[in-house]
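# Chain and residue survey
Listed below, chain by chain, are the residues.
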Amino acid sequence: MAGEGSKTQFAIIDEVEPGVTPTGVPLEIVRSTDNDIAYRPEQTSSREISTARAVTDEIRTGAQVSGTLNTEIPFGNLEKLILGALQSDAATAGALGSASFGSQNVNGPSTVDFTSNQIQGTGIGVGIGAGDLIQVAGADDATNNGFLDVTARTDDSITVSQTLVPDVGDAGVVVSNGAVQTNGSLLRTFTGERIHRDAAGVGSDLTDVFTGLAVESMSVNVQPGSILTAAWCMRGEIYSAGTSEIGSTPYSTPSASGPIFNGVNNCIVLLGGTQVTGNAGVGATQFTMELQNGLQPRDSIGVEGSASIGNGTLSVSGQLNIYMNSNTEVQRMIDDGETSIAVLLVSGSGTYGITLPRIKYRAAPRNVQGVNTNTILELNYGALNDADLGYAIKWQKWT
């Protein structure tokens, strides 16, 4: 027998102490497409002079554990990695070793009044923050249902950027901002195991075990006609090879793991609170986002590999491509102005919302590709920390 990619699985468990695998808890399967996480030794050739005119030795002078885990994006399955990328330190995200998005905030059913840009009702804004995306259901007018962008709030009112249909005494309305997580500074680490089923013969597996894995970067790619994909660059501390699963029980799959998102049926993009996708928008051809954590391996005398991993500065950047139909965003780039981007990934099992509340354009070319082509405005952006909101990126979850 020999190892086969189609019989390989990758699973993780979040660590309490970096580099130490928890016991008695099953690892969770990551629904991945491929990965090249590996132990990468650093060898130095001896410069000893030899009359044999050959290198006398190759000396191990260091090592690192690193690589990329590539996935499609399903609902529910990647949440430990998402929280690892965000380094969320909110109490609702859980302590080290128990990463979770936490419970949802739901207000209603309530009787509310809709104005052209507000939802008003006793307690309707409790637990909701400015900058949140909210899901509204149960309104009499369908225009007032769906996902809205919050610009201001009190406990008894929510102001949104969209235009609503005025309605007084609308009963049975439910408003939720889901479970909310933002970027923080809690470096979460994982043990990851790649198991090669039957690689040493039927019923005989081979394993690669990586401890102290941290998410160095997360990249998201959304395009029409394609499955949504993500790439997770990982950096770790220790590697070992084995012949059996390290967990005390077989691997598990998160119970909330749902369908894979695609760029046709599942994605809504808001630019400055205005939808640019679907028939209602100008049209978008691609959205990319890369989050970098700037991790720094700490080398130490007497340690082969990283003794530990240090944190760095969060950086979020990417590109939104839309069909050109005005000068608005180009002029914003010329004026060095700011706007926001929000992306909703919607499915019957649940929804994610990603918000970058402050972005600036690094470039906004609208190059002409020739005859019989559409002119695309390429909005290259960098995300900034919003001092009022307290974050640069937010990830919400509704079920």
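Above this text sits the structure in question.
Model, not experiment: these values are computed from the prediction.

## A look at unusual backbone geometry
Of note, the amide linkage connecting Gly108 to Pro109 takes the cis form, showing an omega dihedral of 5°. Its place among the elements puts Pro109 in strand β6 (residues 105-114). A positive phi angle, near 55°, is found at Arg53, a position not held by glycine. Within the secondary structure layout, Arg53 lies in the loop between β4 (38-45) and β5 (58-72). The backbone of Gln87 sits at a positive phi, close to 55°, despite the residue not being glycine. Counting through the fold element by element, Gln87 comes out in the loop between α1 (79-86) and β6.

## Let's talk about the packing of aromatic side chains
Each aromatic ring pair is summarised here by two numbers: the centre-to-centre distance and the angle between the ring planes. Per the stated rule, a full pass over the model turns up 8 aromatic pairs. Here Phe261 and Tyr352 contribute two aromatic rings whose centre-to-centre distance is 6.1 Å and whose plane-to-plane angle is 55°, an arrangement assigned as tilted. On the criterion of sequence distance, the pair formed by Phe261 in the loop between β15 (238-242) and β16 (267-271) and Tyr352 in strand β23 (residues 351-363) is long-range, its members being 91 residues apart. For the residue pair Phe261 and Tyr352, the accessibility class agrees, reading buried in each case. Each residue in the set Phe75, Phe101, Phe261, Tyr352 and Trp395 is aromatic and connected to the rest through ring pairs, giving one cluster.

## Description of the nonpolar core
The nonpolar side chains of a soluble globular protein tend to be buried with one another. Counting residues in hydrophobic clusters, the biggest one holds 56 residues, and the most contacted among them are Leu81, Trp232 and Met289. Top contributing element to this core by residue count: strand β13 (residues 206-222), with 6 residues. Beyond its immediate stretch of four places on either side in the chain, Trp232 contacts Gly67, Thr68, Leu69, Thr71, Leu78, Leu81, Ile82, Ala85, Val215, Ser217 and Met218. In this structure, Phe114, Ile119, Ile128 and Val173 belong to the second largest nonpolar core, which totals 15 residues.

## Describing the pattern of salt bridges
Using the criterion set out here, one finds 13 salt bridges in the structure. The partner of Glu79 in a salt bridge is Lys397, and the shortest N-O contact between them spans 3.1 Å. Taken as a pair, Glu79 in helix α1 and Lys397 in strand β25 (residues 394-398) lie far apart in primary sequence, 318 residues in all. With a relative accessible area of 11%, Glu79 lands in the buried category. Note on Lys397: relative accessible area 14%, which makes it buried. The network of salt bridges with common partners includes Arg197, Asp205 and Glu245.

## Overview of the side chain of Gln162
Structurally, Gln162 can be placed in the loop between β10 (157-160) and β11 (167-182). What makes Gln162 buried here is its relative accessible area of 17%. Within the structure, the side chain of Gln162 is placed 3.3 Å from the backbone oxygen of Gly273, a separation counted as a polar contact. In this structure, Gln162 is in contact with Ser116, Asn117, Phe147, Leu148, Asp149, Leu270 and Gly273, ignoring residues within four places of it in sequence.

## Let's talk about the environment of Gly278
Tracing the backbone shows Gly278 in the loop between β17 (274-275) and β18 (284-292). Its relative accessible area of 52% is what places Gly278 among the exposed residues. A C-alpha to C-alpha distance of 9.4 Å links Gly278 and Asn265, two positions 13 residues apart in sequence.

Quick notes on the rules
- Residues numbered from 1 in each chain as written.
- Predicted model: local features only at pLDDT ≥ 70, side-chain atom pairs only at ≥ 80, totals over all residues.
- Heavy atoms only, no water.
- Helix = DSSP H or I, 4+ residues; strand = E, 2+ residues; numbered from the N terminus.
- Phe/Tyr/Trp six-rings, centres within 6.5 Å; stacked < 30°, edge-to-face > 60°.
- Buried < 20%, exposed > 50% of the residue type's maximum accessible area, 1.4 Å probe, protein only.
- Core = buried A, V, L, I, M, F, W, Y, C linked by side-chain atoms within 4.5 Å.
- Contact = heavy atoms within 4.5 Å.
- Salt bridge = Lys/Arg side-chain N within 4 Å of Asp/Glu carboxyl O.
- Polar contact = N/O pair within 3.5 Å; in protein donor to acceptor, adjacent residues only side chain to side chain.

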